[in-house]
Amino acid sequence: MDSALYNRDILRLATSLVAGDRLADPDGSAEVRSPLCGSRIQADIVIDADGKLRDLALRANACALGQASAAILAQNGVGTAMTEVAKLRDDVAQALQRTGNMPSCWPELALLAAACDYPSRHAAILLPYDAILAAAVQAKEKV
């Protein structure tokens, strides 16, 4: 295990994710899987009339980086507009590829920058965003 990649802060975040977290009556739910590493993230969301996350639950069967990324979203995502979730996903992807800066809206995101040199881990980091966005699509289809 690479200590620069899986440092104490990443591991702390990864273990902070609530196992089995579910919403009783979500507007949308989705599960996404990374074909590269096999990580899976499940998301339940409730979206308010303004298109913002009113509630969120994430479950991860992923590496510590995927779990840490999910924990960052779980801790900070409520109140975030779905358009901003999509933008954050793109900005994180660009930062991991070193073509942009890591978003500064949530300071914990800076911890994920250690994965820049590990492209095989990028999908796991982006998976929680993809799960939320897929759940939003499912929520729209229910309406």
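Remember, predicted model here, so these are calculated numbers, not experimental data. (Residues numbered from 1 in each chain as written. Predicted model: local features only at pLDDT ≥ 70, side-chain atom pairs only at ≥ 80, totals over all residues. Heavy atoms only, no water.)

Caption draft 1: Molecular detail of the pairing of strand β1 (residues 28-33). Along β1, the buried face is formed by Gly 28, Ala 30 and Val 32; none of Ser 29, Glu 31 and Arg 33, which line the opposite face, is buried. Bridge analysis of β1 against strand β2 (residues 40-47) gives 6 bridges, and the strand direction is antiparallel. When the bridges of β2 are listed, Arg 33 appears paired with Arg 40. If you look at the hairpin formed by β1 and β2, you'll find 6 residues sitting between the two strands, and Gly 38 has a positive phi there, around 85°. (Buried < 20%, exposed > 50% of the residue type's maximum accessible area, 1.4 Å probe, protein only. Helix = DSSP H or I, 4+ residues; strand = E, 2+ residues; numbered from the N terminus. Pairing = 2+ DSSP bridges.)

Caption draft 2: Structural view of the nonpolar core. In this structure, Leu 65, Leu 109 and Ile 132 are the most contacted members of the largest nonpolar core, which totals 44 residues. Elements represented by at least two residues in this core include exactly α1 (8-16), β1, β2, β3 (53-61), α2 (64-76), α3 (82-96) and α4 (122-142). With near-sequence residues (within four places) excluded, Leu 65 lies in contact with Leu 5, Tyr 6, Ile 10, Leu 112, Ala 115, Arg 121 and Ile 125. (Core = buried A, V, L, I, M, F, W, Y, C linked by side-chain atoms within 4.5 Å. Contact = heavy atoms within 4.5 Å.)

Caption draft 3: Structural view of the environment of Leu 56. Tracing the sequence through the fold places Leu 56 in strand β3. Distance from Leu 56 to Arg 40, taken between C-alpha atoms, is 16 Å for residues 16 residues apart in sequence.

Caption draft 4: Looking closely at the pairing of β3. Relative to β3, β2 runs antiparallel, the two sharing 8 bridges. Its bridge partner being in β3, Arg 40 is matched across the sheet by Asn 61. If you look at the hairpin formed by β2 and β3, you'll find 5 residues sitting between the two strands, and Gly 51 has a positive phi there, around 80°.

Caption draft 5: The arrangement of α3 in detail. The end-to-end C-alpha separation of α3 is 21 Å, in line with the 21 Å expected for 15 residues at 1.5 Å each. Positive backbone phi, approximately 65°, marks Arg 98, located one or two places after α3. (Expected span 1.5 Å × (residues − 1).)

Caption draft 6: Structural view of the sheet that holds β1. As summarised here, the arrangement of the 3 strands in space is β1-β2-β3, forming an open sheet in which the pairing is antiparallel. Two strands lie at the open edges of the sheet, namely β1 and β3, each paired on one side alone. Averaged over all neighbouring strand pairs, the angle between strand axes comes to 15°, with direction disregarded. With respect to the sheet, α2 is in contact with β2 and β3, its orientation differing from that of β3 by roughly 165°. (Axes fitted to C-alpha atoms, helices over the stretch in contact; angles between N-to-C directions.)

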